[in-house]
Amino acid sequence: QVQLVESGGGLVQAGGSLRLSCAASGRTFSSYIMGWFRQAPGKEREFVAAIRWSGGNIVYPDSVKGRFTISRDNAKNTVYLQLNSLKPEDTAVYYCAAAPGILGFTIIPSRYDYWGQGTQVTVSS
């Protein structure tokens, strides 16, 4: 059974930092692209970052570039998202997801096969 389990969310003041983790299990993800998305109330799910599990290629949207960092630990089968210089508009549920690597990097949620349950990030002003 494939599982993506996020952790690390919480309440933080503006300017603060959090590190989110996504523990992957149930299959081999070496050929997959691992992505992070977020969804705020009343808004569509938004792409935040992606990394190719093998090779380490990384993609960010301009909205988080320079503030968020995605990384992976192959030995732990875990993907991380470091959130720095957080702003109130970063408040959302953050989701980890996995897409087949053959599709290439994609920001489209429907192309991701597996999803975690999400972890809440709240940034106070």
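Everything that follows concerns the structure shown earlier in this document.
Note that the structure is a prediction, hence the values are computed from the model and not measured.

Engineer: Hey, could you go over the overall build of the chain for me, with residue numbers and the actual values?
Structural biologist: What the chain contains, in helices and strands, is zero helices and 11 strands. For the chain, the succession of helices and strands along the chain, N to C, is β-β-β-β-β-β-β-β-β-β-β. Relative to the 2.2 N^0.38 estimate, which gives 14 Å for 125 residues, the radius of gyration of the chain is 13 Å and therefore close to what a compact globule would have. Relative to its full complement of 125 residues, the chain shows a buried share of 44%. A separation of at least 24 residues holds for 58% of the contacts in the chain among residues at least 6 apart in sequence. On the chain, roughly 6200 Å² of surface is accessible, and the fraction owed to carbon and sulfur atoms is 48%. Averaging the positions of the 12 positive and the 8 negative side-chain charges in the chain gives two centres separated by 5 Å.

Engineer: Could you give me a rundown of the pairing of strand β3 (residues 18-25), with the residues and numbers involved?
Structural biologist: Looking along a regular strand, one sees side chains alternate from face to face of the sheet. Judged from the five bridges that link them, strand β1 (residues 3-7) and β3 form a sheet pairing that is antiparallel. Directly across from Gln3, in β3, lies its bridge partner Ser25. Strand direction decides the pairing type here: β3 and strand β8 (residues 78-83), joined by six bridges, are antiparallel. Bridge assignment links Leu18 to a residue of β8, and that residue is Leu83.

Engineer: An account of the sheet that holds strand β7 (residues 68-73) is requested, with residue identities and associated values reported.
Structural biologist: Judged by pairing direction, the sheet is antiparallel, and its four strands sit side by side in the order β1-β3-β8-β7 without closing on themselves. This sheet does not close on itself; its edge strands, each paired only once, are β1 and β7. With strand direction ignored, the average angle separating the axes of adjacent strands in the sheet is 15 degrees.

Conventions used here
The written sequence of each chain sets the order in which its residues are numbered from 1. Local features in this predicted model are restricted to residues whose pLDDT is 70 or higher, and side-chain atom pairs enter the listing and the counts only when it is 80 or higher, whereas totals over whole chains, interfaces and linings include all residues. Just so you know, side-chain values use all the structure's heavy atoms and leave hydrogens and water out. Labels follow the DSSP assignment, with helices taken as runs of H or I lasting at least four residues and strands as runs of E lasting at least two, numbered in each case from the N terminus. Radius of gyration: C-alpha atoms only; globule rule: 2.2 Å multiplied by the number of residues to the exponent 0.38. Exposure categories follow from relative accessible area, calculated using a 1.4 Å probe and restricted to protein chains: below 20% of the type maximum is buried, above 50% is exposed, and the middle band is partly exposed. Should any heavy atoms of two residues lie within 4.5 Å, those residues are counted as being in contact. Computed with a 1.4 Å probe, the accessible areas rest on the Shrake-Rupley method; for each residue, only the protein chains presented here act as cover. Neither His nor the chain termini are counted; the positive set is Lys and Arg, and the negative set is Asp and Glu. Charged groups are reduced to one reference atom each: NZ for lysine, CZ for arginine, CG for aspartic acid, CD for glutamic acid. Should DSSP find at least two bridges between two strands, the strands are taken to pair. For helices, the axis comes from a line fit to the C-alpha atoms of the stretch in contact; other axes are also lines fit to C-alpha atoms, and the angle between any two N-to-C directions lies between 0 and 180 degrees.

Spatial relationships are all this shows, so hold off on functional conclusions.
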